[in-house]
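If you want the building blocks of each chain, they are given just below.
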Amino acid sequence: MKKRLFLSLVLVVSVVFGYTMYASASVIYDASISANCIADGVGGYSIDYEISAKTWPSAQELTYELTITGPSGNISENGSFMSDSGPFSGSVAVTECGTYSITGSIIWYVPWTPDPVATWDINPPISIVCECGVFDGCPRTPGYWKNHLEAWSVQELTIGGEIKTQAELLEMLTQPIRGDMDVILIKHLIAAKLNVGSSSAPICETINAADDYLSSGGGDRSIAEPLKDALDSFNNSGDCD
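Because the structure is predicted, anything quoted here is derived from the model rather than measured. (Residues numbered from 1 in each chain as written. Predicted model: local features only at pLDDT ≥ 70, side-chain atom pairs only at ≥ 80, totals over all residues. Heavy atoms only, no water.)

**Focus on helix α4 (residues 181-196)**
So, point 1. Counted at 1.5 Å a residue, the expected span for α4 with its 16 residues is 22 Å, and the 22 Å between its end C-alpha atoms agrees.
So, point 2. For α4, the side-chain oxygen to backbone nitrogen distance between the N-cap and D182 is 2.9 Å, and the N-cap itself is D180. (Helix = DSSP H or I, 4+ residues; strand = E, 2+ residues; numbered from the N terminus. Expected span 1.5 Å × (residues − 1). Polar contact = N/O pair within 3.5 Å; in protein donor to acceptor, adjacent residues only side chain to side chain.)

Structure follows, in structure tokens:
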């Protein structure tokens, strides 16, 4: 009985010692993450990222936890990939241009413990820009875009957080105003987005502010009117003859 108890104790000590040695020797190395932002052609953007890492021992399942912080707050992104097998690719859709930062960790867990074996933190955070661009053409008015569908470079736009087809956008452009400042703002927002296209300008801040205002429900003339005036000024700023 004593011998059996002794052998059991030896086994427990061996397992604990073996795990301690395994955990202390296990590492994540050559870990990296890269990302860029691409306009999706319908008024939004795609943040594409790649993660890779090696481990010792090799070929282990790793998890990742990312926080993408941008103009509208934080987006959480997580998943898993196999180490030593090349980069893992992922993508996150966002609706606003501007600067985004990515923080987070690559973590190595094993089935027999809730604690991580090794962790690699993204340090310093990655910073990327979803470009609104500098306008490189001639601004056109809502009336122009209403009557020149052939000049549209996209068939959809995101207005107030909702994707609208060209037919829906045309309906908005032709909608009677009847003193509704939100309706006027929408017309100029559509024109400004068609004018800017995939490039960036200071007007992008106003475009984003108009989208945020409309996403929240609108209805406040004191907010809508100065946004409309800024977009109107931009849309009428070029000599297009």
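**A word on the packing of helix α5 (residues 203-215) against helix α6 (residues 221-235)**
The relative placement of two packed helices comes down to the angle between their axes together with the axis-to-axis distance.
So, point 1. For the pair α5 and α6, the least separation of the axes is 10 Å and the interaxial angle reads 145°. The two elements α5 and α6 meet at a crossing, and its hand is left-handed. Contacts from I203, T206, I207, A209, A210 and Y213 in α5 reach R221, I223, A224, L227, A230, L231 and F234 in α6.
So, point 2. The class makeup of the residues in the contact of α5 with α6 is eleven nonpolar, one polar and one charged. (Axes fitted to C-alpha atoms, helices over the stretch in contact; angles between N-to-C directions. Left-handed = near helix turned anticlockwise from the far one by under 90°. Contact = heavy atoms within 4.5 Å. Nonpolar A, V, L, I, M, F, W, Y, C, P; charged D, E, K, R; others polar.)

**Here's the deal with the sheet that holds strand β1 (residues 27-39)**
Each strand in a sheet pairs with another by means of backbone hydrogen bonds, the pair being arranged parallel or else antiparallel.
So, point 1. The antiparallel open sheet is built from three strands, whose spatial order is β1-β2-β5. At either end of the open sheet lies a strand with only one pairing partner, and these are β1 and β5 (88-94). The average angle at which neighbouring strand axes cross in this sheet is 20°, direction not considered.
So, point 2. Two elements, strand β2 (residues 45-56) and β5, share seven bridges in a ladder whose sense is antiparallel. Bridge pairing in β5 places I47 opposite V92. (Pairing = 2+ DSSP bridges.)

**A closer look at the nonpolar core**
So, point 1. Within the largest apolar cluster, 57 residues are counted, with the highest numbers of intra-cluster contacts made by I47 and I190.
So, point 2. The element that contributes the greatest number of residues to this core is α4, accounting for ten residues.
So, point 3. Apart from the residues lying within four places of it in its own chain, the contact partners of I190 are L157, I159, L169, M172 and L173. (Core = buried A, V, L, I, M, F, W, Y, C linked by side-chain atoms within 4.5 Å. Buried < 20%, exposed > 50% of the residue type's maximum accessible area, 1.4 Å probe, protein only.)

**A word on the pairing of β2**
So, point 1. Where β1 and β2 come together, eleven bridges link them in antiparallel fashion. Each bridged residue has a counterpart across the sheet, and for A35 the counterpart in β2 is Y49.

**A word on the state of the cysteines**
So, point 1. Per the counting criterion, the structure on display carries one disulfide.
So, point 2. What pairs with C37 in a disulfide is C130, and their sulfur atoms sit 2.0 Å apart. A torsion of 100° about the S-S bond marks the disulfide between C37 and C130 as right-handed. You can see C37 sitting in strand β1 and its partner C130 sitting in strand β8 (residues 126-130), a full 93 residues away along the chain. For the pair C37 and C130, a shared accessibility class is recorded, and that class is buried. (Disulfide = S-S within 2.5 Å.)

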